[in-house]
Amino acid sequence: MAGVNDPAPTVDVLVADDDPIVRFGLTMMLRGAPDLRVVAEAGDGAEAVELADRHSPDVVLMDIRMPGTDGLAATETLRRRPQAPQVVVLTTFDADAHVLRALRAGAAGFLLKDTPPDELVVAIRHAAQGRPVLSPEVTRRLIDRVAGSEQDTRRDAARRRLDLLADRERTVAIEIGAGRSNSEIAALHHLGLATVKTHVSAIFTKLDLNNRVQVALLVHDADIDSQSR
């Protein structure tokens, strides 16, 4: 049984970056942590895969943009391996597509290169334990993307409901969304007031709604205004 004062197990790290100065800086920085050991350095994704097979690191620090096989492709390859190392993508690029592809490939985390050294060391330790790590900036972007996806889903659902309406009914619904009264809609579209009321009644029935506010909310969710009908 290990004693309470036993040192933490060493975490073997492979650094993959096409810039030798960056590799040198990361290696020197990580050597300052007593429980981290840099076992190899790679200049591109293909070399990272080869060296990972040879040295069996616990964690790979992986740049994205490298010649030949990029870091995302290398991550996908490594994570399919038996006893795959954890991969922390470390890059200057925080585009949503890069983040999502890295995480879908099985990366343990995604950090920007301006992450402070002490936070990077902690992130490597967490990754070695199988704990996910994301920089605050990346976390915020993912939250924004999820929120945006929900908004897109709500918009698409609302537009599908409005598509249940006949063309004139849809026009009337959009005008309701713009806050216009029946008489205003009638005047604007050269319709009889009774005709507008008939269309409003049909809208309520077809969309299973009870009042004009619900219609207006649906039009708002669909992100349609009276100028784009």
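1. Quick word on the environment of glutamate 175
Alright, step 1. Within the fold, glutamate 175 resides in helix α7 (residues 167-177).
Alright, step 2. By relative accessible area, glutamate 175 is classed as buried at 0%.
Alright, step 3. Polar side-chain contacts of glutamate 175 include one of 2.8 Å to the side chain of histidine 189.

2. Here's the deal with the sheet that holds strand β1 (residues 11-16)
Alright, step 1. Across the sheet, which stays open at both edges, the six strands sit in the order β2-β1-β3-β4-β5-β6 with parallel pairing between neighbours. Two strands in the sheet have a free side with no partner beyond their single neighbour: β2 (36-42) and β6 (133-134).
Alright, step 2. Lying over the sheet, helix α5 (residues 117-128) contacts β1, β2, β3 (59-62), β4 (86-91), β5 (109-112) and β6, oriented at roughly 135 degrees with respect to β3.

3. Re the packing of helix α1 (residues 20-30) against α5
Alright, step 1. Closest axis-to-axis distance for the α1/α5 pair is 11 Å, and the angle between their directions is 75 degrees. With respect to each other, α1 and α5 are oriented roughly perpendicular. Contacts between α1 and α5 involve Leu26, Met29 and Leu30 on the former and, on the latter, Pro117, Leu120, Val121 and Ile124.
Alright, step 2. For the contact of α1 with α5, a count of residues per class yields seven nonpolar, no polar and no charged.

4. Here's the deal with the nonpolar core
Alright, step 1. Among the nonpolar cores identified, the biggest contains 22 residues, and Leu14, Ala16, Met62, Leu78, Val89 and Phe110 are the most heavily contacted of them.
Alright, step 2. When residues of this core are traced back to their parent elements, those giving at least two are β1, β2, α2 (45-55), β3, α3 (71-79), β4, α4 (96-104) and β5.
Alright, step 3. When residues of this core are assigned to their parent elements, the largest contribution, four residues, is made by α2.
Alright, step 4. Setting aside its immediate chain neighbours within four residues, leucine 78 contacts Val49, Ala52, Val60, Met62, Ala84, Pro85 and Val87.
Alright, step 5. Val11, Ala108, Leu111 and Leu120 belong to the second largest nonpolar core, which has 20 residues in total.

5. With respect to unusual backbone geometry
Alright, step 1. The backbone of serine 56 sits at a positive phi, close to 50 degrees, despite the residue not being glycine.
Alright, step 2. Take serine 56: its relative accessible area is 52%, and that puts it in the exposed class.
Alright, step 3. Backbone geometry places histidine 190, a non-glycine residue, at a positive phi of 60 degrees.
Alright, step 4. Mapped onto the secondary structure, histidine 190 falls in the loop between α8 (182-189) and α9 (193-207).
Alright, step 5. Given the relative accessible area of 73%, histidine 190 is considered exposed.

Here is what the cut-offs are and how they apply
Residues numbered from 1 in each chain as written. Predicted model: local features only at pLDDT ≥ 70, side-chain atom pairs only at ≥ 80, totals over all residues. Heavy atoms only, no water. Helix = DSSP H or I, 4+ residues; strand = E, 2+ residues; numbered from the N terminus. Buried < 20%, exposed > 50% of the residue type's maximum accessible area, 1.4 Å probe, protein only. Polar contact = N/O pair within 3.5 Å; in protein donor to acceptor, adjacent residues only side chain to side chain. Pairing = 2+ DSSP bridges. Contact = heavy atoms within 4.5 Å. Axes fitted to C-alpha atoms, helices over the stretch in contact; angles between N-to-C directions. Parallel < 35°, antiparallel > 145°, perpendicular 65-115°, else oblique. Nonpolar A, V, L, I, M, F, W, Y, C, P; charged D, E, K, R; others polar. Core = buried A, V, L, I, M, F, W, Y, C linked by side-chain atoms within 4.5 Å.

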